[in-house]
Amino acid sequence: MPLTATTKKGKKFRRRLLLFLADLVGPFLIRRLARSIRFRHEPRDRYPIPPSPCLGRNTINVFWHQQILFFMEVFRRSHGHVLVSRHRDGEVIARILRRLGYSLVRGSTRRGGTPALLELVRLGREGCQIGITPDGPRGPRFVMQPGALIVAQKA
């Protein structure tokens, strides 16, 4: 019995440590890694990234899970609203995104999906920038789930 209690305490401690480190050094590491990304956006003034989240334009940025780092770098000045899972793995990403200046909408297909979609629709109607990974964390990879389309249709 004490072995199980120690194991649970150890897992809880590791979880707290991971969240602490994500909050403390996550944004720094993301910025450093993002600087290694080389991309060219042509023409530069055709698709400007708005400086504030709500400019009266509906913008839904859709990116695959494997492109999260790219998304964080390209849209970091947009102050957009990003859909993040309520799962404990999503908490790590949520803490980093929050420190990078993003607003979060928490929810996924299994936990709080409907309220999250309603919130994204509301934000979209206000003209806010929205970021969604349409393939979902459980996959299948590169297969779009209906959430982003629903938000686009309703917003």
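I will try to describe carefully the structure that is included in this document. (Residues numbered from 1 in each chain as written. Predicted model: local features only at pLDDT ≥ 70, side-chain atom pairs only at ≥ 80, totals over all residues. Heavy atoms only, no water.)

What to know about the pairing of strand E3 (residues 103-106)
Relative to E3, strand E2 (residues 81-84) runs parallel, the two sharing four bridges. Of the residues in E3, the one forming a bridge with Val84 is Arg106. Read as a crossover between parallel neighbours, the route from E2 over helix H3 (residues 88-99) to E3 is right-handed. (Pairing = 2+ DSSP bridges. Helix = DSSP H or I, 4+ residues; strand = E, 2+ residues; numbered from the N terminus. Right-handed = clockwise from strand over helix to strand, strands pointing away.)

Structural notes on the packing of aromatic side chains
In this structure the tally under the stated criterion is one aromatic pair. Where Trp64 meets Phe142, the ring centres are 5.5 Å apart and the plane angle is 90°; that geometry is what we call edge-to-face. Of this pair, Trp64 sits in the loop between strand E1 (59-62) and helix H2 (68-74) while Phe142 sits in the loop between strand E4 (129-132) and helix H5 (147-154); the two residues are 78 residues apart in sequence, bridging distant segments of the chain. (Phe/Tyr/Trp six-rings, centres within 6.5 Å; stacked < 30°, edge-to-face > 60°.)

Topic: the environment of Arg138
Note that Arg138 resides in the loop between E4 and H5. Overall, the relative accessible area of 64% leaves Arg138 in the exposed class. Spatially, the C-alpha atoms of Arg138 and Thr109 are 9.8 Å apart, while their sequence positions differ by 29 residues. (Buried < 20%, exposed > 50% of the residue type's maximum accessible area, 1.4 Å probe, protein only.)

Some points on the pattern of salt bridges
If you walk through the whole model with that rule in mind, you get five salt bridges. A salt bridge links Arg99 to Asp23, with the shortest nitrogen-to-oxygen separation between them at 3.8 Å. Taken together, the residues Arg99 in helix H3 and Asp23 in helix H1 (residues 2-35) connect sequence positions 76 residues apart. Assessed through its relative accessible area of 45%, Arg99 is described here as partly exposed. Of the charged contacts, one joins Arg106 and Glu91 as a salt bridge, the two residues approaching to 2.9 Å between their closest N and O atoms. Here Arg106, found in strand E3, pairs with Glu91, found in helix H3; they are 15 residues apart in sequence, far enough to count as distant. Taken together, the shared-partner salt bridges in this structure form one network comprising Glu91, Arg95 and Arg106. (Salt bridge = Lys/Arg side-chain N within 4 Å of Asp/Glu carboxyl O.)

Some remarks on a nonpolar patch on the surface
Judged by side-chain polarity, Phe13, Leu17, Phe20, Leu21, Leu24, Val25, Phe28 and Leu29 come together as a nonpolar surface patch covering roughly 760 Å² of accessible area. In this structure, Leu29 sits in helix H1. Residue Leu29 is classed as partly exposed on the basis of its relative accessible area of 46%. (Patch = residues over 30% accessible without salt bridge, like charges linked within 9 Å, V, L, I, M, F, W, Y side chains within 5 Å. Areas by Shrake-Rupley, 256 points an atom, 1.4 Å probe, with all protein chains shown as cover.)

A few points about the sheet that holds E3
Spatially, the four strands line up as an open sheet ordered E1-E4-E2-E3, and their pairing is parallel. Edge positions in the sheet fall to E1 and E3, since each has one partner strand and no second. For this sheet, the mean inter-axis angle between neighbouring strands, taken without regard to orientation, is 25°. Helix-sheet contacts for helix H4 (residues 113-125) involve E2, E3 and E4, and the interaxial angle to E3 is about 140°. (Axes fitted to C-alpha atoms, helices over the stretch in contact; angles between N-to-C directions. Contact = heavy atoms within 4.5 Å.)

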